[in-house]
Amino acid sequence: MKSLQTFDAFAVGETIFVASVHQKEIPTQCPDCLGEKQWAISMPSGVSRIIACPRCDGGKRHWLFPMRHERTLEVKEAKVSEVSIRCRKAHNSEKIHTGIDYSTEPYIGHVSHDRAHGSREAALVDGKRMLAADAKQEDERWREEREKVATRSGQDIVAALQAAANESVRDLQRNIAKLKEQMMEAIRYPTLYGPKEVRAYPSATPRITEQTMADWLGNLLSEANIEGWSEQELHEAMCSCV
Ligand SMILES: [Zn+2]
């Protein structure tokens, strides 16, 4: 049997003051675009492109890592209702940690001795220290994240450009599918769809002429918006041969 060491402790019935830090999440400024919502990518050769910031999705996402917080300090007061000694073996070590905990009345939590103070002023000093430590840690996390931006931006730019390219390929595929559908309808139901000459009088059967055919195709092609795509790209969008 070992004799217990002695501790200075608050006694049952004594008043203790305990500081606590409350924090509220606040929307974060995007660490990548710093609120600009977009990135301007330019190359010395003169090519430039504006893309939506991938991290905040062009400013649509407001809650981003690392979170920022607004902090307030509160000092609570209560009487000690019970004092307990806690002995615990440290994880992965033979060392025994011994400490004192207080139960409180009215209940303000289970308070460890190092958080309990004999005066409101002492608790306030403790609280300000905790608040400053939390804020410092958050600032450090923010700074580290800003440093990571530089190493990660290359990959992000590639991914964002790829996503933009995929999106325009999908647009092209949609437009070409619609174009095919319209042409098929015109072949299947020539009197309902397709290039018809304006009827000279209501009972006349509409006729397809070279001019109406050219106008009709011209309209369809401009709606499909396929200008600027290479023959190879158009082939890939239209054909399932590969
Ligand atoms: Zn952003």
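Worth saying up front: this structure is predicted, and the values here are computed from it rather than measured. (Residues numbered from 1 in each chain as written. Predicted model: local features only at pLDDT ≥ 70, side-chain atom pairs only at ≥ 80, totals over all residues.)

Novice: Would you take a moment to explain the environment of serine 153 for this structure?
Specialist: Within the fold, serine 153 resides in helix H1 (residues 120-188). Placed 19 residues apart in sequence, serine 153 and aspartate 134 show a C-alpha to C-alpha distance of 28 Å. (Helix = DSSP H or I, 4+ residues; strand = E, 2+ residues; numbered from the N terminus.)

Novice: Got a minute to help me understand the domain arrangement of the protein chain in this structure?
Specialist: Interfaces are frequently sized by the accessible area removed from exposure as the parts join. Domain annotation for the protein chain reports domain 1 (15-149) and domain 2 (162-238). For domain 1 and domain 2, the distance between their C-alpha centres works out to 60 Å. (Domains from an automatic or database assignment.)

Novice: I tried to follow the environment of glutamate 145 on my own but got confused; where do I start?
Specialist: Looking at the secondary structure, you find glutamate 145 in helix H1. Looking at glutamate 145, the number of C-beta atoms within 10 Å reads 16, which means it is partly exposed. Along the sequence, glutamate 145 and isoleucine 16 sit 129 residues apart, while their C-alpha atoms lie 40 Å from each other. For glutamate 145, the residues in contact, after removing those within four places along its chain, are Pro31 and Pro66. (Buried ≥ 20, exposed ≤ 12 C-beta atoms within 10 Å, placed from the backbone. Contact = placed C-beta atoms within 7 Å.)

Novice: Mind showing me how you'd approach the sheet that holds strand E1 (residues 15-26) here?
Specialist: The strands making up a sheet are joined through hydrogen bonds of the backbone, oriented either antiparallel or parallel. Taken together, five strands build an open sheet; the order of strands is E6-E5-E4-E1-E7 and the sheet is antiparallel. What marks the edges here is a single partner per strand, and that holds for strand E6 (111-112) and strand E7 (116-117). Strand direction decides the pairing type here: E1 and E7, joined by two bridges, are antiparallel. Among the inter-strand pairings, phenylalanine 17 is bridged to a residue of E7, identified as histidine 117. Running over the sheet, H1 touches E1, strand E4 (68-89) and E7 and is turned about 25° from E1. (Pairing = 2+ DSSP bridges. Axes fitted to C-alpha atoms, helices over the stretch in contact; angles between N-to-C directions.)

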